[in-house]
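Coordinate inspection notes
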Amino acid sequence: MTEGTKASKSLSVFSRRKRVYTVTILCVLALFFFASAVTRYDPSAGLAALPRAFLWIVSNLVPDEKALTRLPNILKKLTETALLSVAVTVTAAVFAFFFSLMGSKTTRPSEPAAKAVRITAAFFRNVPDVVWAILLMFSFGQNILTGFFALFFTTFGMLTRAFIETVDEVSADCVEALHATGATYMQTVFQGIVPSSVSEILTWVLFMIETNIRSSTLIGILTGTGIGYLFDLYYKRLDYASASLVVLSIVVLVIVLETITGKIRKVIL
Amino acid sequence: MALLEVKNLSKTYDNVTTALQDISLSVEEGEFVSVIGPSGAGKSTLLRSINRLVDASQGTILFDGQDITRVKGKELRRVRTKTGMIFQHYNLVNRLSVIENVLHGRLGYKSALSGSVGYYTEGEKEQAFVILSKLGLTEQAYKRCDELSGGQKQRVGIARALMQEPRLILCDEPIASLDPGSSKVIMDYLREINKTMKITCLVNLHQVEVAVRYSERIIGITGGTVVYDGPAGELSERMIHSIYQSAEGGLITDVRERQ
């Protein structure tokens, strides 16, 4: 091949890339206008409404003195919700860990069993917790158990999946070595897999506790329990100041938890 | 009687890839044998079928006169405790301390429960410290394994194998990830263990010179079959090339000789 054809070939690579970018951008724009036309969404009107919305928020959603008198009650419900999330997540984590052992490549008893575990986990994970709550309300009614199980199912599905990946990642080498010493299955799990993956597992559990505090608010609205119930109550009474105090307190709690868990993670790792 | 006898051993993965083909060999008690051969020749599979991490497709394996090809459960655990294994990537539990990793060598002797919770007797702990001091790791005993250098990790691997009180140690490329200095330390320890404790060593190696210098006997494997089995001193240049299926001058070992 001569220099000339080489040069023109590399040129054609560049021009092709340019063409791909142009076509992509045009496609995205076309999709946007198509979707806007179908849903009758007007971007300029949306932007124009922003300042008004902001003003409304400032005048209605800033907690006033009356809202502050409700703070003790809000904090009580908030602790209840937070503790429920912790309880749910820890219980789900224990179940998920033993399930993930059956799903992981290095520790599964057989391939069909592993597949069954993965499918079960995917099912529990992919039904949204709000849907679980609505379904469970038929059997438990407006009860704290409904919220507990709704969160438990999604957390269990999520953590099983995460733990399978963690166990796969950390343990292939040490599992082989422990088998070679004559260790039993349970010995390999508790002496090899658990110590190798404990910090990843803890990171996931802490993350799920945070997530569950957020979701439990929404589920509480449905089931009439916890902090979600309070939010619903104030909102329906048009007491927006108190409702926004509820939201603010949840945000503060999640931020505080994030800082604490960040520190815990640093210590373990 | 030979400590280890492999008879007509074959292994195919998923009925497609042939790793071992009709391999027969025997190893006497106290021997130091190296296995050489190109990557993918079946060296690792051979070692792993001896302690049953891999199940052979055909053939028999006799360990100390007992047919272990199909043993299961308790009996398999007992066989494995008598066979230590050392890995290229050390295969330690990195987040645990050195001493805990060494004590893992006792798991095969313990009940499922006491092993799971990590309960070891005082005697076992003392024994672990004796082995650690022999390998020059006393100061590292309470360090986490991920703080150690490669050479130190491999010494922990050896300590774990010794903790099993094995009769045979299988080494799968023990120095392939180590620098020349640490490699010498590790090979010297293996030779010392072999000479003073009379533990039989079967070592997979990539470095032909190392195999020649350290072992009494060399087994050459290529394409899943044994092509050489004899004294290290009698391994000819020609034989090496036929084991690695390379032309004259095609091996890294040829470079030095030309100068």
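These numbers come from a predicted model, not from an experiment.

**Here we look at the overall build of chain A**
Scanning chain A for helices and strands turns up 10 helices and 0 strands. Written out in order from the N terminus, the α and β elements of chain A read α-α-α-α-α-α-α-α-α-α. In terms of overall dimensions, chain A is more spread out than a globule: its C-alpha atoms have a radius of gyration of 26 Å, far above the 18 Å expected for 269 residues. Overall, chain A is about 75 × 65 × 40 Å in size when its C-alpha atoms are taken along their principal axes.

**Focus on the UniProt feature "domain: ABC transporter" (unreviewed entry) in chain B**
According to UniProt, the positions carrying the feature "domain: ABC transporter" (unreviewed entry) are residues 4-248 of chain B. End C-alpha to end C-alpha, residues 4-248 of chain B measures 35 Å, and it is 35% helix and 25% strand.

**Some words on unusual backbone geometry**
Only a minority of non-glycine residues have a phi that is not negative, and only a minority of peptide bonds are not trans. Residue and element names in this part refer to chain B. Its identity as a non-glycine residue notwithstanding, aspartate 14 has a phi of 55 degrees, on the positive side. For aspartate 14, a count of 5 C-beta atoms within 10 Å translates into the label exposed. In this model, asparagine 15 sits at a positive phi of 60 degrees, which is unusual for a non-glycine residue. Looking at where asparagine 15 falls in the secondary structure, it is placed in the loop between β1 (4-13) and β2 (17-27).

**Brief notes about the packing of helix α8 (residues 185-223) of chain A against helix α10 (residues 240-268) of chain A**
Relative placement of two packed helices is described by the angle separating their axes and the distance separating the axes. Residues and elements named next belong to chain A. The N-to-C vectors of α8 and α10 enclose an angle of 175 degrees; their axes lie 10 Å apart at closest approach. Judged by the inter-axis angle, α8 sits roughly antiparallel to α10. In contact with Ser199, Leu202, Thr203, Leu206, Ile209, Glu210, Ile213, Arg214 and Thr217 of α8, α10 contributes Ile250, Leu253, Val254, Leu257, Glu258, Thr261, Ile264, Arg265 and Ile268. Per-class residue counts for the contact of α8 with α10 are 10 nonpolar, 4 polar and 4 charged.

**Observations concerning the packing of helix α4 (residues 71-103) of chain A against α8(A)**
All names here are of chain A. It is the contact of α4 with α8, at a shortest axis distance of 8 Å, that shows an interaxial angle of 140 degrees. Here α8 runs oblique to α4, going by the angle between their axes. Seen from above, α4 lies across α8 with right-handed handedness. Here Thr81, Ala82, Leu84, Ser85, Val86, Val88, Thr89, Val90, Ala93, Phe97 and Leu101 of α4 come into contact with α8, specifically with Val189, Ile201, Val205, Met208, Ile209, Asn212, Ile213, Ser216 and Gly220. The residue inventory of the contact of α4 with α8, partitioned by class, reads 14 nonpolar, 6 polar and no charged.

**With respect to the sheet that holds strand β8 (residues 200-205) of chain B**
Pairing between the strands of a sheet comes from backbone hydrogen bonds, and it takes one of two forms, parallel or antiparallel. Residue and element names in this part refer to chain B. Spatially, the 6 strands line up as an open sheet ordered β6-β7-β8-β3-β9-β10, and their pairing is mixed. Either end of the sheet is taken by a strand with one partner, and the two such strands are β6 (83-86) and β10 (225-231). Across the sheet, the axes of successive neighbouring strands diverge by a mean angle of 15 degrees, strand direction being ignored. With 5 bridges joining them, strand β7 (residues 168-172) and β8 adopt parallel strand pairing. Counted as the bridge partner of cysteine 171 is valine 203 from β8. The sheet strands contacting helix α6 (residues 150-163) are β6 and β7, and the helix crosses β6 at an angle near 175 degrees.

**Here's the deal with the interface of chain B and chain A**
At the junction of the two partners, chain B supplies 24 residues and chain A supplies 18 residues. Secondary-structure elements contributing two or more residues to the side of chain B that touches chain A are α2 (73-81) and α4 (112-116) of chain B. A breakdown of the residues in the side of chain B that touches chain A according to their chemical character gives 9 nonpolar, 12 polar and 3 charged.

**Observations concerning the pairing of β8(B)**
Residues and elements named next belong to chain B. For β8, the buried fraction is high: 6 of the 6 residues fall into the buried class. Of the strand pairs in this sheet, strand β3 (residues 32-36) and β8 are connected by 5 bridges, and their pairing is parallel. The residue bridging serine 34 from the neighbouring strand is valine 203, located in β8. Assessed by its sense of winding, the connection that carries the chain from β7 through helix α7 (residues 180-196) to β8 is right-handed.

**Focus on the confidence of the model for chain B**
Residue and element names in this part refer to chain B. This prediction gives chain B a mean pLDDT of 91; 98% of its residues lie at or above 70. Looking across chain B, the model is least confident in helix α10 (residues 252-258), with a mean pLDDT of 65, and most confident in helix α3 (residues 98-103), with 96. Complex prediction metrics read pTM 0.80 and ipTM 0.90.

**What to know about the UniProt feature "transmembrane region" (unreviewed entry) in chain A**
Mapped onto this structure's residue numbering, the UniProt feature "transmembrane region" (unreviewed entry) falls at residues 20-38, 82-102, 130-153, 217-235 and 241-260 of chain A. Between the end C-alpha atoms of residues 217-235 of chain A there is a gap of 13 Å, over a span that is 89% helix and 0% strand.

Rules used in this analysis
- Residues numbered from 1 in each chain as written.
- Chains lettered and ligands numbered in written order.
- Predicted model: local features only at pLDDT ≥ 70, side-chain atom pairs only at ≥ 80, totals over all residues.
- Helix = DSSP H or I, 4+ residues; strand = E, 2+ residues; numbered from the N terminus.
- Rg over C-alpha atoms; globule rule 2.2 N^0.38 Å.
- UniProt positions renumbered as here; feature names shortened; annotations may be inferred.
- Buried ≥ 20, exposed ≤ 12 C-beta atoms within 10 Å, placed from the backbone.
- Axes fitted to C-alpha atoms, helices over the stretch in contact; angles between N-to-C directions.
- Parallel < 35°, antiparallel > 145°, perpendicular 65-115°, else oblique.
- Contact = placed C-beta atoms within 7 Å.
- Nonpolar A, V, L, I, M, F, W, Y, C, P; charged D, E, K, R; others polar.
- Left-handed = near helix turned anticlockwise from the far one by under 90°.
- Pairing = 2+ DSSP bridges.
- Right-handed = clockwise from strand over helix to strand, strands pointing away.
- pLDDT = per-residue confidence, 0-100.

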